[in-house]
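Analysis of the macromolecular model
Chain residues, written in single-letter form:
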Amino acid sequence: MPGTTKSLTITDLNLISGSDETTRTAMGGYYEIISGTYGEELDAIEFESDSTSQTPASIYLGYINENVNLEETISTNVILPNKKIPIRLRGNDEIKVEDGIVSDLHWYTVLLGGTFGENNYSAIYTDSTFDDHGFAYSVPYNQMEALSIIDGSSFTDVTQISYDYQKYLLEYQYYTNNIDSDLLIPNMYLLKSFEMSVPTGSNIALTSSIINFVTLEGALDDNYVSSIFTTSSALTTYYSSSLSRHPLSASTTEYIENVLQNIMFDADVLGDEASPYYETRIDASLVPYYMTFDFTTSTSGEILESIENNNFSQRFLKSLKECFLKETTELEPSARNYSFNSEYYSASAPNETYYTVKTSETLAVNSVDFMKLLTYSYRNFISTTDNCYFYGGVSLDREAMFDSNGAYRHVNTINTLGVLNDTIDYLDNTSNFEITSIEDLYNLDPNTHETLAYRIEKIGGLPTGDSRTQNVLQNYWFINSSKIDNLDFLDSQIKYDEDYTYNIYAYVLVLGKKYNFSDLRLTRQIGSTDLTAVNTADICSEFYDPATGDPESADSVVQLFQAWEDNPLSGSNQYITNAQVAANVTVSLPRDRDPASELAYGRYLADFYLNYEPNLRIFEIPITTKTLRVLDNPPNTFDVTPYQMMDASQTIGFDIRYEIFYDELPYPTVITNTDETRKTQYLHGKDLLEESAITLESVSRQRYIDVFRLDERPTGIMDFDQNRIGQLELRIPETKLTYSTATFRDRIKTNKKYYYLFRVVNEQGMPGPLSVIYEAQLVDDGGYIYSIFNIIFESELEEEIFIEPSKQFKKLFQLQPNISHLILNTEDVDFGKPASSQLSNVVVGSADDTIWNKIFKLRLTSKKTGKKIDFNITYKLQSEL
């Protein structure tokens, strides 16, 4: 069962049945995709083993063993540990002949594929190279998912992307909405950095271009700018008038639009609780509006600790950027397909139930070899990109990131080598990585992983290109510092009422393995004490290279599984080499091995090497995504008082008074389709459910009162759409203030009902709660005119639907018996007697089989709907009724 996070399992496709890794499928230790109760899922087919041997899954294979005593290093010229272990595979010759291996040629065909007899065989053995980087990862629910799930409030790991809207500054909105680039909008972190640096005279920690950006080319005094976060009036002046009055120079604009494409938060910033990064959150309430990001970070590991200890976080983030943004051809990520399998809760809000969902899909994932990234960082100490800014000001390690002439070569080299050496030590540690058997290779346990960094990708702006897609505006990069457990980030470089899409990625380092098989050699029989006793005879076999031909023509080669001195046949014959083995004899196993002796020997054997090395790879894992925009909150409620003008003008009026915010109500009922869109945007951005209460009042003032009127009783609120008859302006002339009261008057006809609806709209165009519906009527009673006002609540508009118990049916058809059933037969009637005495002798109908007292079924079928109706009809004579 999933817990408080979404369970995500990422699996290499070669671990799934049907892949090119045919040896795994034959051995066991793979997955099959099945349809489960809750969707598609992976079913594990484990590699079976016991204390002495491993039993492959294929019926043609008997046992498989490894000799770790003969493990050796493949190459000493490679810094990564790389080993090979001899493996022995025994063919299954112990079951009934039709299911087992029957000859050397059959054994050859089973392993390498082909036709034997009437059967075709797919190859079991392959010498291709494969990776195994499968790992299990926890992805947090987003806030809306958690709210939608029963007891979702207990989830401790929830990601939320939302916004805070706190000040209505029309001049600032006009400035930002007309600026060419979002990157030129004030950045609250840079403002806070400047403020904290001025009192100590250390503003030289910021580059001159950043200082020009913050102080608007020096037009503003340092002390004034540094007071922005201490007095609300200073910040309001900065945002409202200073920005528009002091445009940036072309050089500063070019610099800012370049470096703020990527903003880096390294370990020095995130590890210092007194840094401007944390102080900015405290003073954020003074900023007009910004996006908010809140998510729990993953626990760090040994490699991340090394990155921090070696002051490599700056270099690492920059290399990560250049790789995954594809800014260099020397280090590009590979997009490989992996099986993504997720398990999580989903909810059905109307039924207040939740259920488990399991999905399995193939997705392309970007990843890069970690050792290649370190090598790239080591070799490229001269910077080739400068489209990033390290938050926190100037420092030695940050300046080294933009070294253009090698002056900081020593710093870059030392920092990179420190992590490189720690990584090699980490891989050499057998407690972190070790393979001593096929079981170690083919076990399905998730690989070790740790999260090194996060990225927030920001997409927005006007669509461009043939596909009319929005562009990536900025990327924010965060080292997953061991000193933090949560990222609480703010983005103030945005425009009001414009959509932005944010994608959050985790960069996960996985300790996987790379492996292949090589040097295959098979046995062929060269002698036997009794050729007819296949399963009991002492058999002598020799190994040959199957690549050189069939068993009869191939040259012999030495076995790999044991050394010559450990061969039981050594010394028994001067012509014996380590290519020959004996089966079904009691032997002493090589050196200190202690499985049962006969398991490593048999009539049909195959020796090969398992070659392997650890492989550290960084995966780009999507965490969450959301598209949202900053919007004001709906206006407050209001009171409406209807009245009649006491004259002959036939005028009614409504006095309207705007109230203070005191009721927490759900989002107001909408009238128009535009209102519905705005409602969806607001609830989505704030992560609110349909029934959630709005806890924040409108930031901007009340601006208009919309007046709607209908001449007929409405059946729903949306009947008022396209029926607005007036909009009252509340702005006090020549000021920024607005009235809180207004009056609406309307001249109407007498003896006719009218239906009025009111609502307040704030300065940002957000509609507020609706009034009740006022049914208004002026009654003319013989020259005396008086008013009647009734209130209709929204709930009363729902009309009860009655189902008619019956419907009239036109005479569309007529049922009439044939004349043969109606004619009177009087053959037995005595017309000389009274008629009453002869009535029983009269027979109705001359047909052989009359219709009287019989039931007939009539079926009508609709040509339009295909529905059917049956009539059961019985014909009776009048005298029988």
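Refer to the structure printed above.
Overview of the structure. (Residues numbered from 1 in each chain as written. Predicted model: local features only at pLDDT ≥ 70, side-chain atom pairs only at ≥ 80, totals over all residues. Heavy atoms only, no water.)

Here Asp607 lies in strand 25 (residues 605–628). A polar atom in the side chain of Asp607 sits 2.9 Å from the side chain of Arg88. Discounting residues that sit within four places of it in the chain, Asp607 has contacts with Ile87, Arg88, Asp519, Leu520, Arg521, Phe543, Gln559, Leu560 and Phe561. (Helix = DSSP H or I, 4+ residues; strand = E, 2+ residues; numbered from the N terminus. Polar contact = N/O pair within 3.5 Å; in protein donor to acceptor, adjacent residues only side chain to side chain. Contact = heavy atoms within 4.5 Å.)

On to the sheet that holds strand 26 (residues 638–644). Pairing is antiparallel across the open sheet formed by three strands, whose spatial order is 26-27-30. In this open sheet, the two edge strands, each paired with only one partner strand, are strand 26 and strand 30 (741–747). Between one strand axis and the next, the sheet turns by 20° as a mean value, whatever way the strands run. Across seven bridges, strand 27 (residues 651–658) lies against strand 30 in antiparallel orientation. Each residue of the ladder has a partner; that of Ile652, found in strand 30, is Asp746. (Pairing = 2+ DSSP bridges. Axes fitted to C-alpha atoms, helices over the stretch in contact; angles between N-to-C directions.)

Our next topic: the packing of helix 14 (residues 370–379) against helix 16 (residues 409–428). Contact pair helix 14 / helix 16: the axes reach a minimum separation of 9 Å and the direction vectors enclose 155°. Comparing the axis directions of helix 14 and helix 16 gives the class roughly antiparallel. As for the relative orientation of helix 14 and helix 16, their crossing is left-handed in sense. Here Phe370, Met371, Leu374, Ser377 and Tyr378 of helix 14 come into contact with helix 16, specifically with Thr413, Thr416, Leu417, Val419, Leu420, Thr423 and Ile424. Looking at the contact of helix 14 with helix 16, its residues break down into eight nonpolar, four polar and no charged. (Parallel < 35°, antiparallel > 145°, perpendicular 65-115°, else oblique. Left-handed = near helix turned anticlockwise from the far one by under 90°. Nonpolar A, V, L, I, M, F, W, Y, C, P; charged D, E, K, R; others polar.)

Enumeration over the complete set of coordinates arrives at 44 aromatic pairs. The interplanar angle of 5° and the centroid separation of 5.5 Å between the aromatic rings of Tyr189 and Phe489 together place this pair among those described as stacked. With a gap of 300 residues between them, Tyr189 in helix 5 (residues 188–197) and Phe489 in strand 21 (residues 486–491) connect regions that are remote in the sequence. With respect to class, Tyr189 is no different from Phe489; both count as buried. Taking the centre distance of 5.1 Å and the plane angle of 90° together, the rings of Tyr277 and Tyr278 count as edge-to-face. Residue Tyr277 is classed as buried on the basis of its relative accessible area, which comes to 4%. (Phe/Tyr/Trp six-rings, centres within 6.5 Å; stacked < 30°, edge-to-face > 60°. Buried < 20%, exposed > 50% of the residue type's maximum accessible area, 1.4 Å probe, protein only.)

In this section: the pairing of strand 34 (residues 784–792). As defined by bridge partners, strand 33 (residues 773–781) adjoins strand 34 across nine bridges and the pair is classed as antiparallel. When the bridges of strand 34 are listed, Glu775 appears paired with Asn790. Where strand 33 hands over to strand 34, the hairpin turn is made up of two residues, of which Gly782 adopts a positive phi near 65°.

Residues that lie three or four places apart on an α-helix share one face, since the helix turns once every 3.6 residues. Counted at 1.5 Å a residue, the expected span for helix 18 (residues 673–686) with its 14 residues is 20 Å, and the 20 Å between its end C-alpha atoms agrees. Contacts from the buried residues of helix 18 go to helix 3 (143–148), strand 13 (158–165), strand 25, strand 31 (753–762) and strand 32 (767–770). Looking one or two places after helix 18, you find Asp687, whose phi comes out positive at around 55°. (Expected span 1.5 Å × (residues − 1).)

Further remarks concern unusual backbone geometry. Not every positive phi belongs to a glycine, and Asp519 is a case in point at roughly 60°. Looking at the element boundaries, Asp519 is found in strand 22 (residues 500–528). Look at Asp519 and you get partly exposed, because its relative accessible area is 40%. In the Ramachandran plot, Asp687 falls in the positive-phi region, its phi being about 55° despite a non-glycine side chain.

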